[in-house]
Structures are given as structure tokens and as C-alpha cells.
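What follows is the residue order along each chain.
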Amino acid sequence: MRRLTGVLAALALLLVAPAALAASAADNLNPFNDQGSSPDYRSLITSVVPKPAGLTIAVQQFSDQLLVTNHTGQTVTVYGYQGEPYARLLANGTVQQNVRSPAFYLNRSFYGDITVPASASASDPPKWALVDKTATFLWHDHRIHWLSPSVPPEVKNKRKRTLIFNWKVPISVGATHGDINGQLFWTPNNSKVPVAVIIVGSLIVIAGLGFVVVVQRRRIAAAGAGGGESW
């Protein structure tokens, strides 16, 4: 009986631990969590213009980062908050950032509350610095997330999915200018519900197996008392 109880407890742990770890991992996905980022927000891309073959763009970390991969054979440029070149992905896979772009510094803080050095100017010619050569660029963009720790005034009911605003990030592919267009939503986080369900389910399974064990022990005892065959 003790051994069976131990096995059941281990089974419960195996059922609960992966879900708990998954929830913990989700909480730790965003490096800005301690500064206000929340999985209650979701940024969704609605369109990309232009969208040639080989250009892939996705939102990362729920609502505050964009990931661009360029296999178009052309240079893809991302523009900063004042229309200045912020980053570019060359046709050969080289990725560069303009260290004179104010966005280069503002994007280092979740809320953009950082002092931009005097050396940065949106009107100055770009000064490109190598990022990597993977044809992929990931960056934090203030245009696609909520810039405050307070709940947006658009959210009247925290349990209801709510549109906060429409957003766009200007880009160019070769000589063609366009935008990454999207929307930011308040989407209540229910990530802890599955964990609770699994825990409750595990307890029900344990209780059920325990009941079976008790019934079987009683049958064995009854069979022994009556001289019958035990199993």
C-alpha cells in the first residue's frame, strides 16, 4: 500500500510538473517582465506591404518585439520613430543597425525612458554597425506595445478582449516603401487555468486509484476468510 501511494504521488508530480514548468517558462519568455510587460497583451500583424517572397515577419514575446527574416535578394530597411533608417538586412544576410538612430537607444528600455546621447540624430547620415550575418533581425519596438504600466483606458472590462490601437512600422524592400501593419489587443491571460485543471484532474485520479486499492484489499480479505482463491 505504501509503495502504491508513492507511485501515485510520483504520477501526480509527473502530471503537474510539466504544466507548471510551461507556465513558468511563459512567464520568463519576456526579458522586460520586471518592467511591466504582460501576456495580457497581444500584438497581431494584419498586413505587410510590400510582401515579396522570402520576407518573413512575426511578433515575438506577445506584444513588444518584431522578428524579420530576409531572403528576398534585396535590402530590407526598418525605419525608426522619426523616419530615420534604424536597421537594415542586406541581400547577402548581413544585418546592421544605425547607431545614430535615436531608436537604437530608446529600444533598450521597455518604456523608452532613457536618455538619448547627443551623438544620435535622426537627421544625420546613418552609421551602420554589424549585428550579425543570419539574415534575421529581432528588436523591441515601442510602436507595437502599450507604453505604460497602467491598464489602457480602452479596457472597460478586464475579462474581455479589447482593441487598444492600430499600429504600423515603416519598412522598405529595395526601393519600394511600405509598412508592417498591425493591432494591439488586451487579451486576458488564462495561462494558469490549464495548470489548475491538471492538478485537480491528478487529485481525482489519485483518489480513484486509492478507492480501487481499498476495494481490492477488502475483497482479498473476504476471500481469505472464506477460503476462496485470492488474486
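These numbers were taken from a predicted model, which means no experiment stands behind them. Numbering of residues starts from 1 in every chain and runs along the sequence as written. Only residues with pLDDT of at least 70 get local features here, since the model is predicted, and only at 80 or more are side-chain atom pairs given and counted; chain-wide, interface and lining totals rely on the full set of residues. Excluded from the side-chain calculation are hydrogens and water; included are all heavy atoms of the structure.

Draft legend 1. Spatial organisation of the pairing of strand S4 (residues 76–79). Because side chains alternate across S4, one face comprises the buried residues Val 76 and Val 78, and the other comprises Thr 77 and Tyr 79, equally buried. As judged from the 4 bridges shared by S4 and strand S5 (residues 85–89), these two strands associate in the antiparallel manner. Bridging from a neighbouring strand, Val 78 pairs with Ala 87 of S5. A strand pair is defined by DSSP finding two or more bridges across the two strands. A run of H or I in DSSP becomes a helix once it reaches four residues, and a run of E becomes a strand once it reaches two; helices and strands are each numbered from the N terminus. Remark: 5 residues form the turn of the hairpin made by S4 and S5, two consecutive strands paired antiparallel; Gly 83 in that turn has positive phi of roughly 85°. Bridging between S4 and strand S9 (residues 162–173) involves 3 bridges; their strand directions are antiparallel. Bridged to Thr 77 within S9 is Ser 172. Burial status follows relative accessibility: with a 1.4 Å probe on protein chains alone, a residue under 20% of its type maximum counts as buried, one over 50% as exposed, and anything between as partly exposed.

Draft legend 2. Highlighting the packing of aromatic side chains. Within 6.5 Å between ring centres, the rings of Phe, Tyr and Trp (the latter by its six-membered ring) count as paired, and their orientation is classed by plane angle as stacked under 30 degrees, edge-to-face over 60, tilted in between. Tallied over the entire structure, the rule returns 6 aromatic pairs. An angle of 85° between the planes, with centres 5.2 Å apart, marks the rings of Tyr 41 and Trp 186 as edge-to-face. Of this pair, Tyr 41 sits in strand S1 (residues 41–49) while Trp 186 is found in strand S10 (residues 176–186), placing the two residues 145 residues apart along the sequence. For the pair formed by Tyr 41 and Trp 186, the shared burial category is buried. These aromatic residues form a ring-pair network of at least three members: Tyr 86, Phe 137 and Trp 139. By the criterion adopted, a ring carries a charge over it if an Arg CZ or a Lys NZ lies within 6 Å of its centre and within 35 degrees of its normal. Over the face of the ring belonging to Phe 185 we find Arg 161, whose NZ or CZ atom lies 3.8 Å from the ring centre.

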